[in-house]
Each structure stands twice: as C-alpha cells, then as structure tokens.
Amino acid sequence: MDIPTFVKNEQGLYHVQGCVKPEEIVSTAATILLDDLTSREALTAPTDVAQFLQLALAQEKNEVFSAIFLNNKHKVISFETLFTGTIDGAAVYPRVVVQHALACNAAAVIFAHNHPSGCCEPSRADQQITKRLSDALALIDVRVLDHFVVSRSEWVSLAERGMV
C-alpha cells in the first residue's frame, strides 16, 4: 500500500512523507486550491481562479484546454481537462463542450488553456473559439463567464479585456 506523499493534519496543515518531486508539489498545490474553490459559495475573484489554473495547467508541455463548470450561483461543480493538443494548439470541439456542460448540469463555465511558449497574449484563434463556444452554449442557457490563458509566469482574462 502506498503511503500518501502529503498528509493533512487536524489543523489543516500538510507535512511531507519522504522525498517529493517538484511536479508533485505543484500538483498537490493545484488540488488544494481546487478544493478551496470547490468549497466556496461562489467564485468571485478572477485572481483566485487564475492562480489555480496556473498551477493546474502551466507546467504542461503541450496545450491543454480545460473548463470549470459552475452552477447558477457560480459555485464550482467540476474542473475538467477537455482537450490536449501540441506545443502550439489544441483542437476544441463545441459539441464535446456542450455534452460536458449538460452532463454536469452547469449553468455557467470558465474556460482556460495554457500557452507552453510562455506568452499569454490571446491569439485570434483563442478569441474565435471563445465566441464559437459562447454561441453554442447560449443555445442551452449556459453562460461563458471567462476564458483564461495561462503560463508559468502570467495569465490573461479574456473577460477583463472585453473579449467574452
């Protein structure tokens, strides 16, 4: 039986058992932040979401497109990686996104993907897929709240730039 690398005590503090790889630290931090986001009544601060997304996606070597599905009060239902691509792109299919939104009975969604290059400037393709997804999800009454582009050192919110 494997002993967990990180152990949480009664006070909510973590300690490590044995040697830990940097990837395990990042993965555990992302899990802790997701647990925190999931336990909140509603997501209200883009910075909190962006910090989680950076930890969850920025270390990926290829582009990964994910979604945070929310209920009608913007409480997190789930976080899912939907598509994995190559070093400079990922194919995103609106049909699959709609299926996931319906499966978890989402009322809203926040999209995110990483740019392995480190440059978070949204591309024209990023803007176009956001529009296509917004249009498709509007047909089933699911609102797109934001689309984040993240890297290890920075993040961009398309909503803050008026692109959502």
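Use the structure listed above.
## Section: the overall build of the protein
Inference 1: Within the protein one finds four helices and seven strands.
Inference 2: Taking 15 Å as the expected radius of gyration for a compact globule of 164 residues, we find that the protein reaches 16 Å, a close match to that expectation.
Inference 3: Dimensions along the principal axes, computed over C-alpha positions, put the protein at roughly 50 × 35 × 30 Å.
Inference 4: The proportion of buried residues among the 164 residues of the protein is 36%.
Inference 5: When contacts within the protein are restricted to residue pairs at least 6 apart in sequence, those whose partners lie at least 24 apart make up 61%.
Inference 6: Looking at charge distribution, the protein has the averaged site of its 13 positive side-chain charges lying 5 Å from that of its 19 negative ones.

## Considerations on the sheet that holds strand 3 (residues 64-70)
Inference 1: Ordered in space as 4-3-5-6-7, the five strands form an open sheet in which the pairing is mixed. Unpaired on one side and paired on the other, strand 4 (76-84) and strand 7 (155-157) mark the two borders of the sheet. Shown here is a sheet whose adjacent strand axes are inclined to one another by a mean of 20°, direction ignored.
Inference 2: The sheet contact formed by strand 3 and strand 5 (residues 108-114) spans six bridges and is antiparallel. Within the sheet, the bridge partner assigned to leucine 70 lies in strand 5 and is alanine 108.
Inference 3: On top of the sheet, helix 2 (residues 46-57) reaches strand 3, strand 4, strand 5, strand 6 (143-150) and strand 7; it is set at about 50° to strand 6, its chief contact.

## A closer look at the pattern of salt bridges
Inference 1: What the rule picks out here adds up to two salt bridges.
Inference 2: Between arginine 161 and glutamate 121 there is a salt bridge whose closest N-O contact spans 2.6 Å. Placement of arginine 161 in the segment after strand 7 and of glutamate 121 in the loop between strand 5 and helix 4 (124-138) is noted, with a sequence separation of 40 residues between them.
Inference 3: Taking relative accessible area as the criterion, arginine 161 reaches 39% and is therefore assigned partly exposed.
Inference 4: A residue is classified by how much of its surface remains accessible, and glutamate 121, at 45% relative accessible area, is partly exposed.
Inference 5: A salt bridge links lysine 131 to aspartate 135; its shortest N-O distance comes to 2.9 Å. One end of the pair, lysine 131, and the other, aspartate 135, are both in helix 4, four residues apart, so they sit about a helical turn from each other.
Inference 6: A residue is classified by how much of its surface remains accessible, and aspartate 135, at 40% relative accessible area, is partly exposed.

What counts and how
- Starting from 1, residues in each chain are numbered consecutively following that chain's sequence as written.
- Per-residue local features of the predicted model are confined to residues with pLDDT of at least 70, and side-chain atom pairs are confined, for both listing and counting, to 80 or more; whole-chain, interface and lining totals are unaffected and use all residues.
- Note that water and hydrogens are dropped before the side-chain values are worked out from all heavy atoms of the structure.
- Working definition: helices are DSSP H or I runs of at least four residues, strands are E runs of at least two. Numbering for both runs from the N terminus.
- C-alpha atoms define the radius of gyration in this analysis, and the globule rule sets the expected value at 2.2 Å times the number of residues to the power 0.38.
- Each residue's exposure class comes from its accessible area (1.4 Å probe, protein chains only) as a fraction of the maximum for that residue type: buried when under 20%, exposed when over 50%, partly exposed otherwise.
- Contact criterion: two residues are considered in contact whenever any of their non-hydrogen atoms come within 4.5 Å of each other.
- His is not counted, nor are the chain ends, whereas Lys and Arg count as positive and Asp and Glu as negative.
- To locate a charge, take atom NZ for lysine, CZ for arginine, CG for aspartate or CD for glutamate.
- We call two strands paired when DSSP finds no fewer than two bridges between them.
- Angles here are taken between N-to-C directions and fall from 0 to 180 degrees, while the axes themselves are lines fitted to C-alpha atoms, restricted in helices to the stretch in contact.
- Any Lys or Arg side-chain nitrogen found within 4 Å of a carboxyl oxygen on Asp or Glu counts as a salt bridge.

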